[in-house]
Every structure is written in structure tokens, then in C-alpha cells.
Amino acid sequence: MITELGAENFKSWKNTGALRMAPLTGFFGANSSGKTSLLQILLMLKQTVERPPDWNDALDFGDETSLVNLRSFGDVIYKHRQDLSLGVSVSWKLPGKLSIEPTFTRSSSRIESTTLSFSTSISKIDKHSVTANSFAFTYSVDGRQISTRWSSDNKHFNFDAEGVFLSGPLFRCYGVRDKSLSDPTRSFWRFEEAFEELFSRICYLSPRREYPRSHYTWEGDHPEGVGQHGQDMVPAHFSGRMQLLNLDAQVPSWLQRLGLIDSYRLVPVSDRENGYEFLVTKHKGGPEVRLTDVGFGVSQVLPVIILCYYVPEGSILILEQPEAHLHPKVQSELADVLIDVVKNRKLQIILESHSEHLLHRMTRRIAEGVISANDTALYSCQINDGTSEIEQLKLDEYGNASNWPRNFFGDDAGDVFDRAKAEIERRKANKS
């Protein structure tokens, strides 16, 4: 699980500080307040990690086919100040223990760490390329924090507090390209592998999910998720059946609870090889219709629910506007889906949203003891004079926030008051 995230000089963020990340983490706020940018930090690192082995640029800013298209260093650096350095940091709990060789630590015995932190600083060096000024991995030993650091000043790696150095050219922003056979380098690979393993567990779902289709295709493949735009939700559903996952029970159960449909079936199409119709029954005893013939919200929430019950336990889901195109009541109920998989499938969910209904349901469930305040990290994002600002809601064990931002979701009370005032004035005018 990711436990902290931070950035300096990234888009509208001058400095996020070290943001605490919980099993259920949500960023809320107005449009263009910087919420999505926080998710893009992780997506940028993920697509950097997943580049082919011969790709060695410091960061992958993406293109039209990427998870996120940030275009260039000049586009992402704060206020387009290309003399600034871009800083990124992430800390996480390891799924197991990272075992480190004694030769690496100058210790008499092998040590094991369960947490790891990474930080990097990136600068532009010419019109076409950027480089890492430094990067570091930090791990815990007997309560101490020890860093392994690479600096462009001396082109060496400082492997521990006692000053073991090793030369080596940079591999992207997080590792060494030269896989020499020395013991310290072999141990350093463990950090690289742990970093890559973290981002292999991240699945992303865009707010721009694809429109429902009259026919779907499954050719026996087993996708990692439902696709960036939900385009692989049907292959994921079939793959989940083959893996004996509980999708056939969980997905229709939640769709019923959300009040969207009663049931659905995936039916082979005789004249289409590997083709299937997604047939839906809107209410009990009603006729079956295609997914294209029911409310648009059904097709938009299906990828969210299928993804939640398809990915392996321990996965990290990044969701943008999971509530998109849903009725307010359904938005509230969707919070229960997310809480369920966080608790029962051990997923971490990191989302950005505009939905007060989603947020209020989360705080209600904290009050009811369904999820603890410690297992959530809910943030308010704002922007002032072009710079994003963030504040974590300080929630007590009953879901009360002591620092609820004024007009966080608009001014409902003000609207009611002004409507009543306008009514009184118009009635007076009509009588006269």
C-alpha cells in the first residue's frame, strides 16, 4: 500500500508536502484545483516503469496512447519555469519483506525491511531531454532511516550511511543501467525491483469510459484490468469466471443494490465469432434489452464494479470520477462498493471526485464504524493565484470534520435562503 505521496513544482503544485495515503484515499474539490494532477504523478511513474528495457529517459511524460499524456517537462513544471526542478516522492509498505545483503549494509547479518521510500529530482538539460539530478531509496533498519542515494554531481551511488560508493550510469529516474556483478549493485537491484513491483499493482480507470456496445468480443484473453476506458470489462468478466472469482455474485448484487438493474446475461451471438450480447433486465419480470438500451450510467459504473472484484488482492486502484453519470443516490451507494473492497479484498483505492454524496456516505460509514477514520484520507483541494493547496479533513471516530472548508460543495443553505427571499419579494410584487 502507498503510504505517502509528494511532489514539488508539478503543474499547479508548488509543494504538496508529504500527503498521507490510506487504504481509501479521496481528493475532492473544484474543477482545476489540482486533484487530477495528484493521480497523474503516480501514472507518470507507472508508464515510466512499463517502458521497454531499451528506453532510458528519466521520465515518460506520455503521448496520446499513454495512461496520461503530460507532453513535456515544460508542460508539467510549475508555472512553466523550466529553471526549476521537478520533485516526486512516494512511500509504500512492501507486500513482503525486502531482504538486503550484509555486504550492502556493512552489517554482520542480512536485514529485512517492510517499508520503502523513493524520491527523485528531475531537471531539463536541453530542448529535448531531462535528467535526474538525484534519486534515493530509504529503508528502515532497527528504527533508523537509511538512504541509498545517487547524485549527478559525482555520478556515484552512496549505498549506505558508512559511505560505500559505486559508479554507474542512470537507468530512468530510479536505477542503474549497468548491472555489474558487485555485491552492492546486486542489492541495489532489490530496490529497483520493489519499485517496479509497486507500479505493476496499480490499475487505472479514466473518467472517459467508453460508450456501451451492441456486441462485445472475448477471445480467451486475461487482461490485467478493465482497460483505461473500461473497454476490457467483458474480457475481464469472462476471465474472472475462469479464475473462479466471485464476479457473477458481486457485480449483479451491487447493480441491484444501486437500483440500476435487476440482472444481466452475456449471451453468445451465433453470427459473430467470439461475439456476445450484454443483455439486461431492468426490473424483476421485465424484458431483456441490450446494454445500449438502458440508462447510460449502467455502462459507466460497470467497469468500476468489475474492476473492484477482478483485480488481485493487494492491487492499487486509481479512479477518476468513479461517480460520473450517476444519480446522487447511486453516487452514495457507490461509496459502499469502494469501502467493501478496501476492507474485504485488501485493495487500496485512490480517487478524485466532485461528489459530495460520495464523501458524505464515506463519513457516515465512519460514524457507523463500518470503516475507521484511520483507514481513510480525505482531502480538500483548492487553487489560489494559480497555485494548488491541499488540506486533509480532520475526521474524528464519528466522521465529523473539524476543518470542513467553507462552501466546499457550494452554498446549499445560501441557495435555500435566497430562494425563499426571492419568493417573498415576488409575492409582494404580485399582490401590489
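So, how was this worked out
Here, residues in each chain are numbered from 1, in the same order as that chain's written sequence. Residues qualify for local features only when their pLDDT is at least 70, as the model is predicted, and side-chain atom pairs are given and counted only at 80 or more; totals for whole chains, interfaces and linings, by contrast, use all residues. The basis for the side-chain values is all heavy atoms of the structure; hydrogens and waters are excluded. Starting at the N terminus, helices and strands are each numbered in turn, a helix being any DSSP run of H or I of at least four residues and a strand any DSSP run of E of at least two. Note on exposure labels: buried denotes an accessible area under 20% of the residue type's maximum, exposed denotes more than 50%, and partly exposed covers the range between, all computed with a 1.4 Å probe on protein chains only. Any two residues having at least one pair of non-hydrogen atoms within 4.5 Å are treated as being in contact. Throughout, the Shrake-Rupley method with a 1.4 Å probe supplies accessible areas, and for residues the shown protein chains are the sole cover considered. For cavity detection a 1 Å grid was placed over the protein atoms alone, and a set of points counts as a cavity when a 1.4 Å probe fits there but cannot get out; an open set counts as a pocket when protein lies on both sides within 12 Å along at least five of seven lines, with lining residues being those that have an atom within 4 Å of a point. Grid points are joined across faces, edges and corners, and a volume is the space filled by probe spheres set on the points. Three residue categories are used. Nonpolar comprises Ala, Val, Leu, Ile, Met, Phe, Trp, Tyr, Cys and Pro, charged comprises Asp, Glu, Lys and Arg, and polar comprises the others, including Gly. Working definition of a nonpolar core: buried Ala, Val, Leu, Ile, Met, Phe, Trp, Tyr and Cys residues. They are joined through side-chain atoms within 4.5 Å. Stacked, tilted and edge-to-face are the three classes assigned to paired rings of Phe, Tyr and Trp, where Trp is represented by its six-membered ring and a pair needs centres within 6.5 Å; plane angles under 30 degrees give stacked, over 60 edge-to-face, the rest tilted. When DSSP finds at least two bridges between two strands, those strands are taken to pair. Multiplying 1.5 Å by the residue count of a helix minus one yields the expected span of that helix. Think of a polar contact as two N or O atoms within 3.5 Å of one another; within protein, one of them needs to be a possible hydrogen donor and the other a possible acceptor, and neighboring residues in sequence only count if both atoms come from side chains. Here an angle of 0 to 180 degrees is reported between the N-to-C directions of two axes, which are lines fitted to C-alpha atoms, with helices fitted over the stretch in contact. Oblique is the label for every angle not falling under 35 degrees (roughly parallel), over 145 degrees (roughly antiparallel), or within 65 to 115 degrees (roughly perpendicular). With the far helix as reference, a near helix turned anticlockwise by less than a right angle produces a left-handed crossing, and one turned clockwise produces a right-handed crossing. Every residue gets a pLDDT, meaning the predictor's confidence in that residue, from 0 to 100.

## Some remarks on the overall build of the protein
Right, so step 1: Helix and strand content of the protein: ten helices and 21 strands.
Right, so step 2: Each of the 432 residues in the protein was classed as buried or not, and the buried ones make up 52%.
Right, so step 3: Across the protein, the fraction of contacts at a sequence separation of at least 24, relative to all contacts at a separation of at least 6, is 58%.
Right, so step 4: When the accessible surface of the protein is summed, it comes to about 20,500 Å², and 47% of that surface belongs to carbon and sulfur atoms.

## Observations concerning empty space enclosed by the protein
Right, so step 1: Summed over all chains, the structure comprises one cavity of 30 Å³ or more.
Right, so step 2: In this structure, the largest cavity encloses a volume near 30 Å³.
Right, so step 3: Of the residues belonging to the lining of the largest cavity, the class tally is five nonpolar, two polar and one charged.

## Here we look at the nonpolar core
One recurring pattern in soluble globular proteins is that nonpolar side chains are buried together.
Right, so step 1: By size, the foremost hydrophobic cluster in this structure holds 61 residues, and its most contacted members are Trp92 and Phe195.
Right, so step 2: Per element, the largest residue contribution to this core is eight residues, and it comes from helix α1 (residues 35-49).
Right, so step 3: Excluding its chain neighbours within four sequence positions, the residues that come into contact with tryptophan 92 are Met1, Ile2, Thr3, Thr114, Thr115, Leu116, Ser117, Phe118, Phe137, Ala194, Phe195 and Leu198.
Right, so step 4: In this structure, Leu258, Ile339, Leu358 and Leu359 belong to the second largest nonpolar core, which totals 59 residues.

## Quick notes on the packing of aromatic side chains
Right, so step 1: Within the structure shown, the criterion is met by 17 aromatic pairs.
Right, so step 2: Pairing tyrosine 211 with phenylalanine 296 gives two aromatic rings, centres 5.0 Å apart and planes at 45°, and the pair type is tilted. In this pair, tyrosine 211 is assigned in the loop between β13 (202-205) and β14 (216-217) and phenylalanine 296 in helix α7 (residues 296-310), connecting sequence segments 85 residues apart.
Right, so step 3: Phenylalanine 296 gets classed as partly exposed once you look at its relative accessible area, which sits at 28%.

## So, the pairing of strand β21 (residues 387-392)
Right, so step 1: As defined by bridge partners, strand β20 (residues 376-384) adjoins β21 across six bridges and the pair is classed as antiparallel. Bridge pairing links tyrosine 379 to glutamine 392 in β21.
Right, so step 2: Counting the residues in the hairpin turn of β20 and β21 gives two residues, including aspartate 385, whose phi is positive at 50°.

## Re helix α9 (residues 356-367)
One full turn of an α-helix is made of 3.6 residues, so residues set three or four places apart face in the same direction.
Right, so step 1: Under the 1.5 Å per step criterion, the end-to-end length of α9 is 16 Å for twelve residues, consistent within 8% with the ideal 16 Å.
Right, so step 2: All of the buried residues in α9 are Leu358, Leu359, Arg361, Met362, Thr363, Arg365 and Ile366.
Right, so step 3: Residues of α9 that are buried make contact with β4 (24-29), α6 (247-257), α8 (328-344), β19 (348-353) and β20.
Right, so step 4: With a side-chain oxygen positioned 3.3 Å from the backbone nitrogen of histidine 357, the residue opening α9 is serine 355.

## Describing the side chain of glutamine 40
Right, so step 1: As for its placement among the helices and strands, glutamine 40 is situated in helix α1.
Right, so step 2: Apart from the residues within four sequence positions on either side, glutamine 40 is in contact with Phe10, Lys11, Val68 and Leu70.

## A closer look at the packing of α7 against α8
Right, so step 1: Here α7 crosses α8 at 15°, and the two axes come no closer than 10 Å. It follows that α7 is roughly parallel to α8 by the angle criterion. The interaxial crossing formed by α7 with α8 has left-handed handedness. Taking contact as the criterion, the partners of Val301, Val304, Cys308 and Tyr309 in α7 are, on α8, Leu334, Val337, Leu338, Asp340 and Val341.
Right, so step 2: Of the residues assigned to the contact of α7 with α8, the class counts are eight nonpolar, no polar and one charged.

## What to know about the confidence of the model for the protein
Low pLDDT means the predicted atomic positions in that stretch should not be read closely.
Right, so step 1: Confidence along the protein averages 88 in pLDDT terms, with 88% of residues attaining 70 or more.
Right, so step 2: Here residues 159-166 scores under 50 on pLDDT; set against residues more than four positions off or in separate chains, the count is 30 contacts.

## A word on unusual backbone geometry
Right, so step 1: Despite not being glycine, asparagine 274 shows a phi value in the positive range, around 60°.
Right, so step 2: Here asparagine 274 is to be found in the loop between β15 (263-268) and β16 (275-281).
Right, so step 3: Unlike most non-glycine residues, aspartate 385 shows phi in positive territory, near 50°.
Right, so step 4: With respect to the helices and strands, aspartate 385 occurs in the loop between β20 and β21.
Right, so step 5: Judged by relative accessible area, aspartate 385 falls into the exposed class, the value being 75%.

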